[in-house]
Amino acid sequence: MLDEQILELVRKHFPNIAEKALQEEIATVGKLTEFSAGTVIMDVGQYVKMVPLVIEGAIKVSREDEDGHELFLYYLQGGQTCSMSFTCCMMNKKSEIRTIAEENTKMIGIPIRYVDEWMTKYQSWKNFVMQTYDFRMMELVRTIDSIAFHHMDERLLAYLDKKAKATHSKIINATHQEIAYDLNASREAVSRLLKQLENDGRVKLGRNKIELN
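Residues numbered from 1 in each chain as written. Predicted model: local features only at pLDDT ≥ 70, side-chain atom pairs only at ≥ 80, totals over all residues. Heavy atoms only, no water.

A. How the structure looks around the environment of Q196. Position of Q196 relative to the elements: it lies in helix α8 (residues 187-199). A sequence separation of 126 residues divides Q196 from E70, and the C-alpha atoms of the two residues are 25 Å apart. (Helix = DSSP H or I, 4+ residues; strand = E, 2+ residues; numbered from the N terminus.)

B. Quick look at the packing of helix α2 (residues 20-29) against helix α4 (residues 113-121). Relative to each other, α2 and α4 sit at 170 degrees, their axes nearing to 12 Å. By the angle between their directions, the pair α2 and α4 is classed as roughly antiparallel. Of α4, the residues touching α2 (which contributes L22, E25, I26 and V29) are Y114, W118 and K121. Of the residues in the contact of α2 with α4, the class split is five nonpolar, no polar and two charged. (Axes fitted to C-alpha atoms, helices over the stretch in contact; angles between N-to-C directions. Parallel < 35°, antiparallel > 145°, perpendicular 65-115°, else oblique. Contact = heavy atoms within 4.5 Å. Nonpolar A, V, L, I, M, F, W, Y, C, P; charged D, E, K, R; others polar.)

C. Region of interest: the packing of aromatic side chains. In the structure shown here, the tally under the stated rule is eight aromatic pairs. With a centroid separation of 6.2 Å and an interplanar angle of 50 degrees, the aromatic rings of F86 and Y133 are classed as tilted. Here the residue F86 occupies a position in helix α3 (residues 83-91), and Y133 occupies one in helix α5 (residues 123-149), the gap between them amounting to 47 residues. For Y133, a relative accessible area of 27% corresponds to the partly exposed category. Through successive ring pairs, a cluster of aromatic residues spans F14, F86, Y114, W118, W125, F128 and Y133. (Phe/Tyr/Trp six-rings, centres within 6.5 Å; stacked < 30°, edge-to-face > 60°. Buried < 20%, exposed > 50% of the residue type's maximum accessible area, 1.4 Å probe, protein only.)

D. Molecular detail of the layout of surface pockets. Quantified by volume, the largest pocket comes out at close to 380 Å³. Contributing to the lining of the largest pocket are 19 residues, with E102, K163, N173, A174 and E178 lying nearest its centre. Residue assignment for the lining of the largest pocket shows that the elements contributing at least two residues are β6 (97-101), α6 (152-167), β8 (171-173) and α7 (176-183). Reported here for the second largest pocket is a volume of approximately 300 Å³. Every residue lining the second largest pocket is counted, 20 residues in all, and those nearest its centre are I41, M42, V48, M50 and M107. Here the lining of the second largest pocket takes three residues from α3, the largest share from any one element. (1 Å grid on protein atoms, 1.4 Å probe; cavity = no way out; pocket = protein on both sides within 12 Å on 5 of 7 lines; lining within 4 Å. Points joined across faces, edges and corners; volume = space filled by probe spheres on them.)

Right, dumping it as C-alpha cells:
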C-alpha cells in the first residue's frame with residue numbers, strides 16, 4: 001500500500017528521483033525507520049538487506065581492517081544514500097563498512113531486491129545510483145589523499161570540519177579517544193594536537209566537547 005508520508009518525503013528530499021512511478025514504488029515498498037544517536041545501523045560482516053535513503057540526521061561510515069582498527073570514511077546526510085550498500089546488494093556480499101547514527105536519524109529503507117531492478121526500469125534511479133558512486137568515489141579519493149599527503153593536524157581539522165557540517169553544529173561532542181579511533185591515531189597524539197589548536201585559537205576545548213572557532 002502506498003504510504004503518502006514516504007511519498008512526500010521522497011519528493012521533498014530526493015528531487016532528482018523524478019519519475020512519478022518510481023516515487024510511488026518507493027512509497028509502496030519503502031520502510032520509514034528512525035535511529036537514535038549512537039545506534040549501529042549496519043556492522044561489518046552483516047548482509048545488507050536494505051539501502052538507506054537518508055531523510056534527516058547524519059550517519060558515520062567507517063571501515064575496519066583485519067586487526068580491528070577503524071578508519072572514518074565519510075558522513076551520510078539528508079538527501080543522500082550509501083554507494084557501498086548498492087555494491088553489497090548487487091553482489092550479495094557481506095558489508096565491509098560500519099554505519100552508526102551520529103545523531104538522531106530518519107531514513108527510508110529500500111529492500112535490496114528493487115535496487116538492481118530499478119536500474120533498468122527507471123532512468124532517474126540509474127542516474128541517482130551513478131551520481132552517488134561518483135560523489136563517494138571522490139570523497140574516498142580525498143580521504144586517501146588526506147592519509148597519504150597531509151599531516152595529522154590537517155587531518156584532524158578536516159575531520160572536525162566534516163563532523164561539524166554533518167551535525168550542523170560547531171560544538172562537537174566527542175572524546176579524544178573517539179576521535180583517535182576514527183582517525184586510526186593514538187589518543188595522546190590527538191590530545192596534543194587539540195591542545196595546540198586551542199593555543200592557536202582554532203578550537204575551544206571542554207569536557208568531552210570541542211567548539212570550532
